[in-house]
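# A look at the structure
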Amino acid sequence: MRDHALAAVYPGSFDPMHLGHVDIIRRAWEIFPRVIVAVLQNTDKAPLLAVSTRVDLIARSLADLPGVEVTSFSGLLVDFMRHSGARVILRGMRAVSDFEYEFQIALMNRRLWSEAETVFLTPNEEFTYLSSRVVKEIWQLGGDVSGLVPPPVHAALQALPR
Ligand code: ADP
């Protein structure tokens, strides 16, 4: 068996993680023997949560999925994958609107590293309208996001000044 082919990385900003992300990770966990959630350290954006906080919240939100690894990375995803021994990139596909961007990134990653394969998973339809941006906007406007994010993320958002 070629184990290295089965490790999958789920990269993203996860600022914050929401239930759509959890749904994708749960589906991946049932398929791949090794799943790594990798938080991108993106210095361009003004984040809501620090990267280390995001890593901690993701790990706590996935407590019922033993073995899922949670870490952060900077630089090229394919370089992170070479170091971590993963060949599969997991991405969520919510709607046609995701397709163009995701297709472009998938082809670019393969161009950067020919062994990289992108696998798209679709969430339960109740999560297709969810994005970190929408969660942030609702939270900033004082709305209730408890049904949109895992409990540890909800608690962290409650503790933040809006
Ligand atoms: P967001 O788009 O919520 O800001 P990220 O930039 O962290 O999230 O995206 C990480 C990955 O998660 C991407 O592949 C994105 O398409 C996927 N994703 C985001 N929201 C959802 C959702 N509601 N259902 C399924 N996949 C999602």
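What counts and what doesn't
- Residues numbered from 1 in each chain as written.
- Predicted model: local features only at pLDDT ≥ 70, side-chain atom pairs only at ≥ 80, totals over all residues.
- Heavy atoms only, no water.
- Helix = DSSP H or I, 4+ residues; strand = E, 2+ residues; numbered from the N terminus.
- Rg over C-alpha atoms; globule rule 2.2 N^0.38 Å.
- Contact = heavy atoms within 4.5 Å.
- Near = heavy atom within 4 Å.
- Polar contact = N/O pair within 3.5 Å; in protein donor to acceptor, adjacent residues only side chain to side chain.
- 1 Å grid on protein atoms, 1.4 Å probe; cavity = no way out; pocket = protein on both sides within 12 Å on 5 of 7 lines; lining within 4 Å.
- Sits in = over half its atoms within 2 Å of the grid points.
- Nonpolar A, V, L, I, M, F, W, Y, C, P; charged D, E, K, R; others polar.
- Phe/Tyr/Trp six-rings, centres within 6.5 Å; stacked < 30°, edge-to-face > 60°.
- Buried < 20%, exposed > 50% of the residue type's maximum accessible area, 1.4 Å probe, protein only.
- Salt bridge = Lys/Arg side-chain N within 4 Å of Asp/Glu carboxyl O.
- Points joined across faces, edges and corners; volume = space filled by probe spheres on them.

In terms of helices and strands, the protein chain carries six helices and five strands. Overall, the protein chain shows an N-to-C arrangement of helices and strands of β-α-β-α-β-α-β-α-β-α-α. Its C-alpha atoms give the protein chain a radius of gyration of 15 Å, within 12% of the compact-globule value 15 Å for 162 residues. Across its three principal directions, the C-alpha atoms of the protein chain cover 50 × 35 × 30 Å. Considering only contacts in the protein chain between residues 6 or more positions apart, those separated by 24 or more positions represent 73%.

So, on to the site of the ligand. Neighbouring the ligand are 18 residues, the closest being Tyr-10, Gly-92, Phe-127, Leu-130 and Ser-132. A distance of 2.9 Å separates an oxygen atom of the ligand from a polar atom in the side chain of His-18. When atoms are counted within 2 Å of each cavity's grid points, the one that captures over half of the ligand is the largest pocket. Only strand 1 (7-12), helix 1 (19-31) and strand 4 (88-92) provide two or more residues apiece to the shell around the ligand. Here the residues of the shell around the ligand sort into seven nonpolar, eight polar and three charged.

Let us now look at the packing of aromatic side chains. Throughout the structure, instances matching the rule amount to three aromatic pairs. Aromatic pair Tyr-10 and Phe-14: ring centres 5.2 Å apart, planes at 70 degrees, arrangement edge-to-face. Accessibility classification places Tyr-10 together with Phe-14 in one group, the buried group.

Time to look at the pattern of salt bridges. Tallied over the entire structure, the rule returns 11 salt bridges. Across the pair Lys-136 and Asp-15 runs a salt bridge, and its minimum N-O distance is 3.5 Å. Linking Lys-136 in helix 5 (residues 132-140) with Asp-15 in the loop between strand 1 and helix 1, this pair joins segments that are 121 residues apart in sequence. The network of salt bridges with common partners includes Asp-15, Arg-54 and Lys-136.

Looking at the element boundaries, Arg-26 is found in helix 1. Residue classification places Arg-26 among the partly exposed residues on the basis of a relative accessible area of 33%. In the structure, Arg-26 is positioned 42 residues away from Val-68 in sequence and 9.5 Å away in space, judged by C-alpha atoms. In this view, Arg-26 contacts Asp-64 and Leu-65; residues no more than four positions away in its chain are not counted.

As a volume, the largest pocket reaches approximately 1,100 Å³. Around the largest pocket sit 42 residues that line it, and Pro-11, Gly-12, Ser-13, Arg-91 and Tyr-101 are the ones nearest its centre. Ranked by residue count, the leading element in the lining of the largest pocket is helix 4 (residues 96-112), at nine residues. Grouping the constituent residues of the lining of the largest pocket by class yields 20 nonpolar, 13 polar and nine charged.

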